[in-house]
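Commentary on secondary and tertiary structure
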Amino acid sequence: MKRFLTLALACLGMTACATTASGPAGGGLATGAFDRSQSDESQVTAYGYQLSSHGGWDGHMSYLEEDGQARVSLRLRQGEGEADYVDLDIAMPYLAEGVRRFYGTTPDGERVAVELQAGPCEAAPGDGHTYFADVFYRGETLSGCGREVARDDNWSNYLMAYLPAIDTCLDEMGDRARHVSVAYTLPGGHSAIRLVDGQAQTWECATRDEGEAVNSLRELDSVDIMHGEGSPIFVRGTYPDFGEGCYVYETVRFADGSLIGSFGYDTCNATMVSAREPGVG
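As the structure is a prediction and not an experimental result, all values here were calculated from the model. (Residues numbered from 1 in each chain as written. Predicted model: local features only at pLDDT ≥ 70, side-chain atom pairs only at ≥ 80, totals over all residues. Heavy atoms only, no water.)

A few words on the overall build of the protein. Secondary structure assignment for the protein yields 2 helices and 15 strands. Split into buried and exposed, the 281 residues of the protein put 49% on the buried side. Carbon and sulfur atoms make up 47% of the accessible area of the protein, which totals about 13000 Å². (Helix = DSSP H or I, 4+ residues; strand = E, 2+ residues; numbered from the N terminus. Buried < 20%, exposed > 50% of the residue type's maximum accessible area, 1.4 Å probe, protein only. Areas by Shrake-Rupley, 256 points an atom, 1.4 Å probe, with all protein chains shown as cover.)

The next point concerns the side chain of histidine 129. Mapped onto the elements of the fold, histidine 129 is located in strand β7 (residues 127–137). A distance of 3.1 Å separates polar atoms of two side chains, one belonging to histidine 129 and the other to serine 52. In this structure, histidine 129 is in contact with Gln50, Ser52, Gly119, Pro120, Cys121, Ala123, Cys145, Gly146 and Arg147, ignoring residues within four places of it in sequence. (Polar contact = N/O pair within 3.5 Å; in protein donor to acceptor, adjacent residues only side chain to side chain. Contact = heavy atoms within 4.5 Å.)

Burial analysis of strand β14 (residues 247–253) places 6 of its 7 residues in the buried class, which makes it a mostly covered element. When β14 meets strand β15 (residues 259–266), the two strands line up antiparallel, connected through 7 bridges. Bridging across to β15, glutamate 250 finds its partner in phenylalanine 263. In textbook terms, the turn of a hairpin is the stretch between consecutive antiparallel strands, and for β14 and β15 this stretch comprises 5 residues, one of which, glycine 257, has a positive phi near 90°. (Pairing = 2+ DSSP bridges.)

This paragraph deals with the nonpolar core. In terms of nonpolar packing, the biggest core is built from 51 residues, with Met61, Phe102 and Phe234 touching the most fellow members. Those residues in contact with methionine 61 that lie beyond four places of it in its chain are Tyr47, Gly48, Tyr49, Leu51, Val72, Ser73, Leu74, Leu88, Phe102, Val114 and Leu116. If you look at the next biggest cluster of nonpolar residues, it comprises 5 residues, including Ile233, Val235, Tyr239 and Tyr249. (Core = buried A, V, L, I, M, F, W, Y, C linked by side-chain atoms within 4.5 Å.)

Attention shifts here to the state of the cysteines. As enumerated under the stated definition, the model contains 2 disulfides in all. The disulfide bridge from cysteine 121 ends at cysteine 145, spanning 1.9 Å between sulfur atoms. Because the torsion about its S-S bond is -65°, the bridge between cysteine 121 and cysteine 145 counts as left-handed. Of this pair, cysteine 121 sits in strand β6 (residues 111–124) while cysteine 145 sits in strand β8 (residues 140–149); the two residues are 24 residues apart in sequence, bridging distant segments of the chain. Look at cysteine 145 and you get buried, because its relative accessible area is 3%. Covalently, cysteine 169 is tied to cysteine 205 through a disulfide, its sulfur atoms 2.1 Å apart. Its S-S torsion of about -80° marks the bond between cysteine 169 and cysteine 205 as left-handed, since a negative value means left-handed. With a gap of 36 residues between them, cysteine 169 in helix α2 (residues 159–173) and cysteine 205 in strand β11 (residues 202–208) connect regions that are remote in the sequence. Like cysteine 205, cysteine 169 is buried. For the protein, the bonded cysteines pair up as 1-2, 3-4 when numbered in the order they occur along the sequence. (Disulfide = S-S within 2.5 Å.)

What follows covers the pattern of salt bridges. Counting across every chain of the model gives 10 salt bridges. In this structure, the salt-bridge partner of arginine 71 is aspartate 87, at a minimum N-O distance of 2.5 Å. Of this pair, arginine 71 sits in strand β3 (residues 69–78) while aspartate 87 sits in strand β4 (residues 84–90); the two residues are 16 residues apart in sequence, bridging distant segments of the chain. Exposure class is identical for arginine 71 and aspartate 87. Each is buried. (Salt bridge = Lys/Arg side-chain N within 4 Å of Asp/Glu carboxyl O.)

On to the pairing of strand β12 (residues 213–219). Looking at chain direction, β11 and β12 are connected through 6 bridges and run antiparallel. Among the inter-strand pairings, glutamate 204 is bridged to a residue of β12, identified as arginine 218.

Within the fold, valine 72 resides in strand β3. Note on valine 72: relative accessible area 2%, which makes it buried. Once the C-alpha coordinates of valine 72 and histidine 60 are considered, the two residues, 12 residues apart in sequence, prove to be 9.9 Å apart. When near neighbours in sequence (up to four residues on either side) are disregarded, valine 72 contacts Met61, Ser62, Tyr63, Val86, Asp87, Leu88, Ile90 and Phe102.

Its maximal kink placed at alanine 165, α2 deviates by approximately 35°. The complete set of buried residues in α2 reads Leu159, Tyr162, Leu163, Ala165, Ile166, Asp167, Thr168, Cys169, Leu170 and Met173. (Bend = angle between axes of the 7 residues up to and from the residue.)

Let us look at the confidence of the model for the protein. Here the protein averages 80 in pLDDT, and 76% of its residues register 70 or above. The model gives residues 9–44 a pLDDT under 50, and that stretch makes 107 contacts with residues more than four places away or in other chains. Low pLDDT (under 50) marks residues 270–281, which in the prediction has 42 contacts with non-local residues, meaning those over four places away or in another chain. (pLDDT = per-residue confidence, 0-100.)

As a further point, take the side chain of serine 52. Within the secondary structure layout, serine 52 lies in strand β1 (residues 48–52). Given a relative accessible area of 19%, serine 52 falls into the buried group. With near-sequence residues (within four places) excluded, serine 52 lies in contact with Trp57, Asp58, Ala123, His129, Gly144 and Cys145.

This is the structure:
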């Protein structure tokens, strides 16, 4: 997914910088009509979002690269009817207010908008997803859930399972911790959380008792870096304001809107974007 984030930012040429501020421990673009038929299925990449709902509709969003531009193809199906295809633009500023937004029009000129809010959403009992999804389509708002589709499974897809261990480890490090860089499972089924401190030093916090107690806390060397580390980072309990670094932030919320924390995506290797104006949150 990161290559499409980088492409989107670079192509749209937005400038400014986001933040790496620490959080408390514990705690429209219009687009021309585009008729994407089923014959275009071969162009759909492995990156995007699967959408589903209690209300009898489902969809799939796929990131595409076309003529050097990052775009999104939406396939939407209601009931037993034929699927509709809509080409969408990524709304800028990217991740404004910490939410993913996409805009487009149907081939006959009807406005379409999609909003994805990161958070624990159930499309059916026991069927957990990682996004709350709202699709505005032909004058109606369709509400459901979404989950990321990617070639590589991302640690952030399991944030809620790791949250007790994250809170335990943040409490252990206190105000030294700046953000979480990755969470993973150790042999034996225990959770480990990697935390970055104010001096950019990484620590591994190994937990036990289902994440409720710290088993060990050790400083790591640069040779200990692991796949997926820092992509994204996670800041607990806050939506960071502007500061040092080059991150754009996505909020993570419960269904009632209360804030769990924020994922931060490193944009230092792309044209940097502003997710919002300072002081907005």
